[in-house]
Amino acid sequence: MPRKVILDVDPGFDDALALCMALFDPRLEVVAVTAVGGNVPPQQATRNVQAIVEQLDPPRLPRVGAASPPDAGLPVDSRHLYGIDGLGDVEIQVAELRAPHPSEKIICDEVRAAPEEVTLVALGPLTNIARAFQRDPELPSLVHRIVIMGGTVSGSGNITPAAEFNIFCDPVSARAVFRSRSTKTLVPLDVTNRVILTFDFLDQLPAEATRVGKFLRRILPPAYRAYRQEWGLEGIHAHDTVTLVAVTNPEWFKTQEMAGDVETRGELTKGATVFDRRRAPAWRCNMEVVTDLDAEKVVEEIQRNLAHAGKCTAGR
Ligand code: RIB
Ligand code: CA
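Quick caveat, the model's predicted, so the values are computed rather than measured.

**Student:** Got a minute to help me understand the layout of surface pockets in this structure?
**Tutor:** To find the voids left in a structure, one rolls a probe of water-molecule size over its atoms. In this structure, the largest pocket spans a volume of roughly 480 Å³. Along the wall of the largest pocket there are 26 residues; nearest its centre are Y82, N158, F165, W231 and H239. Among the secondary structure elements, those contributing two or more residues to the lining of the largest pocket are α1 (13-22), α3 (79-82), α7 (165-169), α11 (211-231) and α12 (239-248). Looking at the lining of the largest pocket residue by residue, the classes come out as eleven nonpolar, nine polar and six charged.

Okay, structure coming up:
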């Protein structure tokens, strides 16, 4: 029985790469893809989700949710790195731009339709999920699990020295989700940074003749260029794609129960994730945190999954 998932995304090339995998994975039933502002402003994120789903044309069309700005506004985005559209400015067309329902409504509807069956895969700021929990206070206990790409345990942040991007974008929502009664798995930068997709990965993408291959061969090269120019890296991180593999192949990930929270103020530390790892912790454990992974198996799985997605999108 395929696992019902909702992917909450702020595309972003790595969100898009995760969608290319999830939408064709027979182990998953993607009931919805909900847009959230982060890498790009909310309206662009909503457009990108529609454009990506339209370009990939998966066998089962997911519901789409529209993003709206966090209450405190979006403090930062990644357009300086990934282009104005967040996908390398390669002009991904969308024929039919609809006005979807708000993402938080879609999340509430789909979780209520299948209580305790839906896994929320949070690959962007946690604005939508916090709002869904506000809209329906029983929802945290009706979600099967939330798997979150975000935060750091002992490593450095990426958007500030203290904070990871998704948490930094909306720390108040992140704190609300961390403190909610939901079952949570956090996939922090400490482990996602250990997976680098090299130029060999780019060469081994599905063929141009497939919809997945054609799409990725357009949006990924600008990401490789940005990584080389910005950090001198000969490859790209795939934080969201690693997080999706934590959903499909948890056996390759080591986890530990922890008590975590989010700094919502702090001139230097806003958006930092803080964990009580004292010898005698006083905070109650509220999530499992991924502490290790088999990076080689994760990359092999990404390649295997994309090869399958390529076969599903060959021709027409
Ligand atoms: O810090 C990495 C995260 O921020 C990824 O989800 C990336 O897409 C951006 O949203
Ligand atoms: Ca993301």
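Having put the structure on the table, let's press on.
**Student:** Would you mind going over the site of ligand 1 with me for this structure?
**Tutor:** Around ligand 1 sit D10, D14, D15, N39, L123, M149, N158, E164, F165, N166, H239 and D240, and that is every residue in its neighbourhood. D14 places a polar side-chain atom, nitrogen or oxygen, 2.7 Å from an oxygen atom of ligand 1. Note that an oxygen atom of ligand 1 is positioned 2.8 Å from one of the side-chain N or O atoms of N166. One can see that ligand 1 is located within the largest pocket. Contributing elements (two or more residues each) for the shell around ligand 1: α1, α7 and α12.

**Student:** Help me understand the pairing of strand β5 (residues 145-149), please; the structure alone is not making it clear to me.
**Tutor:** Walk down a regular strand and you will see the side chains alternate between the two sheet faces. Burial of β5 is extensive: four of the five residues sit out of reach of the surface. Here strand β4 (residues 118-122) pairs with β5 via four bridges, running parallel. Looking at β5, one finds that T119 is bridged to R145. The pairing of β5 with strand β6 (residues 184-187) spans four bridges and is parallel. When the sheet's bridge partners are listed, I146 is paired in β6 with K184.

**Student:** Would you mind showing me how to read the packing of aromatic side chains here?
**Tutor:** Two aromatic rings, taken as a pair, are described by how far apart their centres are and by the angle between their planes. Following the criterion strictly, the structure yields four aromatic pairs and no others. Note on F13 and Y227: the rings are 6.2 Å apart at their centroids and 90 degrees apart in plane angle, and the pair reads as edge-to-face. Linking F13 in helix α1 with Y227 in helix α11, this pair joins segments that are 214 residues apart in sequence. A residue is classified by how much of its surface remains accessible, and F13, at 2% relative accessible area, is buried. The exposure class of Y227 is buried, given its relative accessible area of 3%. An aromatic cluster is present here, built from F13, Y82, Y227 and W231 joined pairwise through their rings.

**Student:** Sorry if this is basic, but what is going on with the pairing of strand β1 (residues 3-9) here?
**Tutor:** In terms of burial, β1 is a largely internal element, six of the seven residues being buried. With respect to chirality, the unit in which β1 leads through α1 into the neighbouring parallel strand β2 (residues 28-35) is right-handed. Across five bridges, β1 lies against β4 in parallel orientation. Bridge assignment links V5 to a residue of β4, and that residue is T119.

**Student:** I tried to follow the environment of I167 on my own but got confused; where do I start?
**Tutor:** If you trace the backbone, I167 turns up in helix α7. Residue classification places I167 among the buried residues on the basis of a relative accessible area of 0%. Filtering out sequence-adjacent residues up to four positions away, I167 remains in contact with L126, G150, G151, A174, F178, V262, G271 and T273.

**Student:** Even after reading the chapter, I still don't get the pattern of salt bridges, so can you show me in this structure?
**Tutor:** Side chains carrying opposite charge are able to pair once their charged atoms draw close together. Tallying each qualifying case throughout the model produces 18 salt bridges. Here K4 makes a salt bridge to E29, at a shortest N to O gap of 3.1 Å. A residue pair is termed long-range when its members are at least 10 positions apart, and K4 in strand β1 and E29 in strand β2 qualify at 25 residues. In this structure K4 comes out as buried when scored by relative accessible area, which is 19%. Salt-bridge contacts for R79 lead to D77; the nearest nitrogen and oxygen are separated by 2.7 Å.

**Student:** I keep staring at the packing of helix α4 (residues 103-113) against helix α5 (residues 127-135) and nothing clicks. Help me out?
**Tutor:** Between two packed helices, the angle of one axis relative to the other and the distance separating the axes together describe the packing. Between α4 and α5, the shortest axis-to-axis distance is 8 Å and the interhelical angle comes to 60 degrees. As the angle between them shows, α4 and α5 are arranged oblique. Crossing handedness for the pair α4 and α5: right-handed. Of the residues in α5, those in contact with S103, E104, K105, I107 and C108 of α4 are N128, I129, R131, A132 and R135.

**Student:** Which parts of the structure should I look at to understand the sheet that holds strand β12 (residues 287-293)?
**Tutor:** Within a sheet, each strand pairs with its neighbour through backbone hydrogen bonds, oriented either parallel or antiparallel. With mixed pairing, the eight strands of this open sheet are ordered in space as β3-β2-β1-β4-β5-β6-β12-β9. Edge strands, defined here as strands with exactly one partner in the open sheet, are β3 (63-65) and β9 (253-258). With strand direction ignored, the average angle separating the axes of adjacent strands in the sheet is 25 degrees. Together, β1 and β2 form the strand contacts of α1, whose direction differs from that of β1 by roughly 160 degrees. Across the sheet, α4 lies against β1, β2, β3 and β4, angled at about 155 degrees from β2, the strand it touches most.

Conventions used here
- Residues numbered from 1 in each chain as written.
- Chains lettered and ligands numbered in written order.
- Predicted model: local features only at pLDDT ≥ 70, side-chain atom pairs only at ≥ 80, totals over all residues.
- Heavy atoms only, no water.
- 1 Å grid on protein atoms, 1.4 Å probe; cavity = no way out; pocket = protein on both sides within 12 Å on 5 of 7 lines; lining within 4 Å.
- Points joined across faces, edges and corners; volume = space filled by probe spheres on them.
- Helix = DSSP H or I, 4+ residues; strand = E, 2+ residues; numbered from the N terminus.
- Nonpolar A, V, L, I, M, F, W, Y, C, P; charged D, E, K, R; others polar.
- Near = heavy atom within 4 Å.
- Polar contact = N/O pair within 3.5 Å; in protein donor to acceptor, adjacent residues only side chain to side chain.
- Sits in = over half its atoms within 2 Å of the grid points.
- Buried < 20%, exposed > 50% of the residue type's maximum accessible area, 1.4 Å probe, protein only.
- Pairing = 2+ DSSP bridges.
- Phe/Tyr/Trp six-rings, centres within 6.5 Å; stacked < 30°, edge-to-face > 60°.
- Right-handed = clockwise from strand over helix to strand, strands pointing away.
- Contact = heavy atoms within 4.5 Å.
- Salt bridge = Lys/Arg side-chain N within 4 Å of Asp/Glu carboxyl O.
- Axes fitted to C-alpha atoms, helices over the stretch in contact; angles between N-to-C directions.
- Parallel < 35°, antiparallel > 145°, perpendicular 65-115°, else oblique.
- Left-handed = near helix turned anticlockwise from the far one by under 90°.

None of this, on its own, says anything about what the molecule does.
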